[in-house]
Amino acid sequence: MKGSNTRYSEAEIAAACQTFLKLNDYLQVETIQAWEELVAKDKGSIDAVPLCIGPDFPRVGMGSFDGQDEVDIKNRSAYNVTLLNFMDPQKMPYLKEEPYFGMGKMAVSWHHDENLVERSAVAVYSYSFEGPEEENEEDPQLEGRDPDIWHVGFKISWDIETPGLAIPLHQGDCYFMLDDLNATHQHCVLAGLPPRFSSTHRVAECSTGTLDYILQRCQVALQNVREEADSGDVSLKSLEPAVLKQGEEIHNEVEFEWLRQFWFQGSRYRKCTDWWCQPMTQLEELWKKMESATNAVLHEVRREGVPVEQRNETLTAILASLTTRQNLRKEWRARCQSRIARTLPADQKPECRPYWEKDDPSMPLPFDLTDIVSELRGLLLEAKA
């Protein structure tokens, strides 16, 4: 997050992160240069394929482009996330064969990069370790590509008739996917012999899925909560069905898209940094307030004298979310206790969190919502009878 002070467990990790920040800045400059060349070609009515191989791709004439083009180019090149990958093919017992064009073994299958700003660029830095100079006699001779060298493959999306393209990746190469290439084409990574790591820089869509986003969502849900300063009791400002429904949906989003996803990773994150500890503690506290809000809704449903129509509207608003919550809690609990999870090293074992026993006095509702969901269904059926 902007303005955050991240502490790393080791100086080498901190130095590596700074290096990737510098690489990110460098690739952004290179991407804008490539965009400008593409815009110049497009305005000159020159047919150009929006794919550039670096670092020594040709520097053609810049041409002229207006201010809006410049702003648009910078926005679509503002890399805000990088994905680091490493693979040693010699240690992989099995790699899939590329199924359509006979390109050989794949490290990454055909795909689009997803959750990106529309028509934004993608930059990939590729570093393969030094390998043997002689060819591997055991590998078949594949037409069009050396199986000892890593390649990136491109093909038209969902088209296996038009031949694909395999481009070699030498040590220190980078390549850029510009404009709509990622949308109109799929790409794959074809394994070579030496180990390789890559850094894929993207302009991620951040309207959802960020910490700022989910904290704002929590505030939306808790706007309907009134907490008594003295007793700590919780009541609701509004019983409008739409407001209750939204609150329960956000409750589920926090629990299953954030808290449980995070703790399922065990404590591996602590190897690099403790930065996420405070935000996740904050989210868990907000989630607990949402548990109290749900409890307040249930009190209202059970209260004598509530008009039948109002009770039905409330039940209809919350029942689907509570049913989903119960089902997902059961699924996540099973995952954490699975045979595979039990075989993981101690620091990688999933933690089923939040979890609490039935009689925990600090929690307003039980972990297992089976009885509550059955009760609500019964009340709804009774009203319709």
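Residues numbered from 1 in each chain as written. Predicted model: local features only at pLDDT ≥ 70, side-chain atom pairs only at ≥ 80, totals over all residues. Heavy atoms only, no water.

Asks: Before we move on, could you go through the overall build of the chain and cite the residues and values that matter?
Replies: For the chain, the count of helices and strands is nine helices and 11 strands. Contacts in the chain between residues at least 24 apart in sequence constitute 77% of all its contacts with a sequence separation of at least 6. (Helix = DSSP H or I, 4+ residues; strand = E, 2+ residues; numbered from the N terminus. Contact = heavy atoms within 4.5 Å.)

Asks: Go over the pattern of salt bridges, please, and point to the residues and values.
Replies: Under the counting rule described, the total for this entry stands at 18 salt bridges. Two residues, Lys245 and Glu249, come together in a salt bridge whose shortest N-O distance is 2.6 Å. Of this pair, Lys245 and Glu249 both sit in helix α5 (residues 241-263), four residues apart, roughly one helical turn. Among the residues examined, Glu249 registers a relative accessible area of 34% and is labelled partly exposed. (Salt bridge = Lys/Arg side-chain N within 4 Å of Asp/Glu carboxyl O. Buried < 20%, exposed > 50% of the residue type's maximum accessible area, 1.4 Å probe, protein only.)

Asks: Hey, could you go over the sheet that holds strand β6 (residues 165-168) for me, with residue numbers and the actual values?
Replies: Sheets are built from strands paired through backbone hydrogen bonds, the pairs being either parallel or antiparallel. Pairing is antiparallel across the open sheet formed by four strands, whose spatial order is β3-β8-β5-β6. The sheet is open, and its two edges are formed by β3 (106-111) and β6, each paired on a single side. Neighbour-to-neighbour, the strand axes of the sheet open up by a mean angle of 15 degrees, direction not taken into account. Examined bridge by bridge, strand β5 (residues 151-156) and β6 share four bridges and lie antiparallel to one another. For His151, the partnering residue across the bridge sits in β6 and is Pro168. (Pairing = 2+ DSSP bridges. Axes fitted to C-alpha atoms, helices over the stretch in contact; angles between N-to-C directions.)

Asks: Hey, could you go over unusual backbone geometry for me, with residue numbers and the actual values?
Replies: Cis geometry marks the peptide bond from Arg353 to Pro354; its omega dihedral reads 5 degrees. Position of Pro354 relative to the elements: it lies in the loop between α8 (339-342) and α9 (370-384). Positive phi, normally seen in glycine, also occurs at Asn115, with a value near 60 degrees. With respect to the helices and strands, Asn115 occurs in the loop between β3 and β4 (122-128). Positive phi, normally seen in glycine, also occurs at Trp158, with a value near 55 degrees. When you line up the elements, Trp158 lands in the loop between β5 and β6.

Asks: Give me the lowdown on the packing of helix α4 (residues 211-222) against helix α6 (residues 277-302), citing residues and values where you can.
Replies: Where α4 meets α6, the closest approach of the two axes is 10 Å, and the angle between their N-to-C directions is 20 degrees. The orientation of α4 with respect to α6, classified from their angle, is roughly parallel. Here α4 and α6 pass one another in a crossing that is left-handed. Residue-level contacts link Leu211, Ile214, Leu215, Cys218, Gln219, Ala221 and Leu222 of α4 to Pro279, Gln282, Leu283, Leu286, Lys289 and Met290 of α6. Residue composition of the contact of α4 with α6, grouped by class: 10 nonpolar, two polar and one charged. (Parallel < 35°, antiparallel > 145°, perpendicular 65-115°, else oblique. Left-handed = near helix turned anticlockwise from the far one by under 90°. Nonpolar A, V, L, I, M, F, W, Y, C, P; charged D, E, K, R; others polar.)

Asks: Could you give an account of the nonpolar core, naming the residues involved and the relevant values?
Replies: Formed by 44 residues in total, the largest nonpolar core has its most connected members in Val254, Leu283, Ile318 and Leu376. For this core, the secondary structure elements donating two or more residues are α4, α5, α6, α7 (308-336) and α9. When residues of this core are assigned to their parent elements, the largest contribution, 10 residues, is made by α6. With near-sequence residues (within four places) excluded, Leu376 lies in contact with Leu298, Val301, Leu315, Ile318, Leu319 and Leu322. The next biggest cluster of nonpolar side chains, apart from the first, holds 16 residues, and it includes Leu27, Ala34, Trp35 and Cys174. (Core = buried A, V, L, I, M, F, W, Y, C linked by side-chain atoms within 4.5 Å.)

Asks: Describe the packing of aromatic side chains, listing the residues and the values that go with them.
Replies: Counting across every chain of the model gives 13 aromatic pairs. The interplanar angle of 90 degrees and the centroid separation of 6.3 Å between the aromatic rings of Phe86 and Phe129 together place this pair among those described as edge-to-face. Of this pair, Phe86 sits in strand β2 (residues 81-87) while Phe129 sits in the loop between β4 and β5, and the two are 43 residues apart along the sequence. A residue is classified by how much of its surface remains accessible, and Phe129, at 37% relative accessible area, is partly exposed. Judged by centre distance (6.2 Å) and plane angle (85 degrees), the ring pair of Phe101 and Trp110 falls under edge-to-face. Taking the relative accessible area as the measure of exposure, Phe101 reaches 23% and is therefore partly exposed. Given a relative accessible area of 13%, Trp110 falls into the buried group. Joined through ring pairs, the aromatic side chains of Phe86, Tyr125, Tyr127, Phe129 and Phe197 make up one cluster. (Phe/Tyr/Trp six-rings, centres within 6.5 Å; stacked < 30°, edge-to-face > 60°.)

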